[in-house]
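Chains, contacts and geometry: an overview
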Amino acid sequence: MKGFKFCSECGFKLQPSDKFCPNCGVKLGYSDFELIDDDDFFLKYKIKIENLSKEYDSKVNNAIELINKHFKPSERSYNNFISTINDSNNVFYNNVEVALSIIDLSDGASTKIKKELDDKIHTLNGIIDKLEEFIDELIINLSDRSKNEVENLTKELDSLIDSVKDY
C-alpha cells in the first residue's frame, strides 16, 4: 500500500506520520548506531510498557472468558484459576508501576537504568508468555475435559508469580 512503511526493528506496519514504532517503540528514521536523547530513551520504554499492558489485559480477558465458560463460580477450580489470574495481575502491574517509577524519577539515561528497565520488560514478557501458555492449555484440555494439565499449568504460573515476588 502506498504511504506505508515497516519498522526496521520489528517489521510492524507503520503510518507515514509515525515517529516511533507503536509496536516496539523504536525511534523511526535513525540508524541503530545514532544516540538518542534522554526523552526519546524513556519514551521508547513507556511505549513498550503501554503495549505490553494492552497485550496482557487482552490475554487476561481471554483467560477469564474461558474460565467463566467452563467453570461455575462455586467450583474449586474456578476459584483457583481466578486467584491465579488475580495474583498474576498484582505481580504484572507492580512491575509496570516500578518500571514507570524508574522512568519518572530518573534524571537521565544510564546503563544501569537501561538494564533495570530491560529486566522489567523481560519480566513482563515472561508473565505474558506464561499466561498465553495457560490460555492454550485451557483451550486444549478443557475441550478434552482433562483438567489435571490445566491445574499443573496453574501451579507453574503460580510458581512464576512467586519467583517474581521473591525477586
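Up top is the structure these notes are about.
Residues numbered from 1 in each chain as written. Predicted model: local features only at pLDDT ≥ 70, side-chain atom pairs only at ≥ 80, totals over all residues. Heavy atoms only, no water.

Let us look at the overall build of the protein. The helix and strand inventory of the protein stands at four helices and two strands. Along the protein, from the amino end to the carboxyl end, the secondary structure elements read β-β-α-α-α-α. Sequence separation of at least 24 residues holds for 59% of the intrachain contacts in the protein that already meet a minimum separation of 6. As presented, the protein carries roughly 10,300 Å² of accessible surface, and 49% of it is formed by carbon and sulfur atoms. (Helix = DSSP H or I, 4+ residues; strand = E, 2+ residues; numbered from the N terminus. Contact = heavy atoms within 4.5 Å. Areas by Shrake-Rupley, 256 points an atom, 1.4 Å probe, with all protein chains shown as cover.)

Turning our attention to the pattern of salt bridges. All chains considered together, the criterion is met by six salt bridges. A salt bridge links K114 to D118, with the nearest nitrogen and oxygen atoms 2.7 Å apart. Of the two residues, K114 and D118 are both situated in helix α3 (residues 111–144); the distance of four residues between them amounts to about one turn of the helix. The exposure class of D118 is partly exposed, given its relative accessible area of 27%. We note a salt bridge from K115 to D119, for which the minimum N-O separation is 2.9 Å. (Salt bridge = Lys/Arg side-chain N within 4 Å of Asp/Glu carboxyl O. Buried < 20%, exposed > 50% of the residue type's maximum accessible area, 1.4 Å probe, protein only.)

On the secondary structure map, K48 appears in helix α1 (residues 38–70). Note on K48: relative accessible area 22%, which makes it partly exposed. Separated by 73 residues in the primary sequence, K48 and I121 have C-alpha atoms spaced 7.8 Å apart. Every residue in contact with K48, bar those within four places of it in the chain, is listed here: C24 and I121.

Here the focus is the nonpolar core. Among the nonpolar cores identified, the biggest contains 33 residues, and Y56, I67, I85, F92, L117, L131 and F134 are the most heavily contacted of them. Residue assignment for this core shows that the elements contributing at least two residues are α1, α2 (76–105), α3 and α4 (148–166). Those residues in contact with Y56, other than ones at most four positions away along the chain, are I85, S88, N89, F92, Y93, I127, I128 and L131. Formed by six residues, the second largest nonpolar core is a distinct cluster that contains C7, L14, V26 and L28. (Core = buried A, V, L, I, M, F, W, Y, C linked by side-chain atoms within 4.5 Å.)

Looking now at the environment of K44. Residue position: K44 is located in helix α1. In this structure, the C-alpha to C-alpha distance between K44 and C24, residues 20 residues apart in sequence, is 7.7 Å. Once you skip the residues sitting within four places of it in the chain, K44 turns out to touch C24, G25 and V26.

Nothing here speaks to function; it is geometry throughout.
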